[in-house]
Amino acid sequence: QVQLVESGGGLVQAGGSLRLSCAASSGRTFSSYAMGWFRQAPGKEREFVAAINWNGGNTYYTDSVKDRFTISRDNAKNTVYLQINSLKPEDTAVYYCAAAKKLYPGRYSYEYIYWGQGTQVTVSS
């Protein structure tokens, strides 16, 4: 069982930055999980944002965030991060952290078995 707790969301003006954190508590080694970030805007389906493999050597992004978001992890701290720069109003959503029981992540929700409660990011224009 893995518990994931996100933090770092908030209200920010367009063009601003945020760093989201996801702290994991796990009886299994954190580094054995690939990690991902998803988001869900009001009235829309949850969508893939970014993912990272077990040691941080491989990262994956959806095209709309590729030049603005950076995913990273610190296995010593059992934490994964999402640095978000140049925020746009369309980035407004609840951001979820998720863990996949494999070394390399995918882009689909069903590949992830543990989910956090989410953190709200609101971008004003």
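These remarks concern the structure in this document. (Residues numbered from 1 in each chain as written. Predicted model: local features only at pLDDT ≥ 70, side-chain atom pairs only at ≥ 80, totals over all residues. Heavy atoms only, no water.)

Considerations on the nonpolar core
- Judged by nonpolar contacts, the single largest core of 30 residues is most densely connected at Leu4, Met35, Trp37, Leu82 and Tyr95.
- Elements that contribute at least two residues to this core include exactly strand E1 (2–7), strand E3 (18–26), strand E4 (34–40), strand E5 (47–52), strand E7 (69–74), strand E8 (79–84), strand E9 (93–100) and strand E11 (119–124).
- Ala34, Phe48, Ala51 and Tyr112 belong to the second-largest nonpolar core, a separate cluster that totals seven residues. (Core = buried A, V, L, I, M, F, W, Y, C linked by side-chain atoms within 4.5 Å. Buried < 20%, exposed > 50% of the residue type's maximum accessible area, 1.4 Å probe, protein only. Helix = DSSP H or I, 4+ residues; strand = E, 2+ residues; numbered from the N terminus.)

Some points on the pairing of E11
- Side chains Thr119, Val121 and Val123 of E11 all project onto a buried face; the interleaved residues Gln120, Thr122 and Ser124 project onto a face where none is buried.
- Relative to E11, strand E2 (residues 10–13) runs parallel, the two being bridged by four bridges. From the neighbouring strand, Gln13 faces E11, where its bridge partner is Ser124.
- Pairing analysis gives three bridges linking E9 to E11, with the strands arranged antiparallel. Residue Tyr95 lies in a different strand from E11, and its bridge partner there is Thr119. (Pairing = 2+ DSSP bridges.)

Describing the sheet that holds E7
- Judged by pairing direction, the sheet is antiparallel, and its four strands sit side by side in the order E1-E3-E8-E7 without closing on themselves. Taken across any chain shown, the strands that pair with only one partner, and hence form the sheet edges, are E1 and E7. Across the sheet, the mean angle from the axis of one strand to that of its neighbour is 15°, orientation sign disregarded.
- Across six bridges, the pairing between E7 and E8 is antiparallel. Bridge pairing links Ser72 to Tyr81 in E8. (Axes fitted to C-alpha atoms, helices over the stretch in contact; angles between N-to-C directions.)

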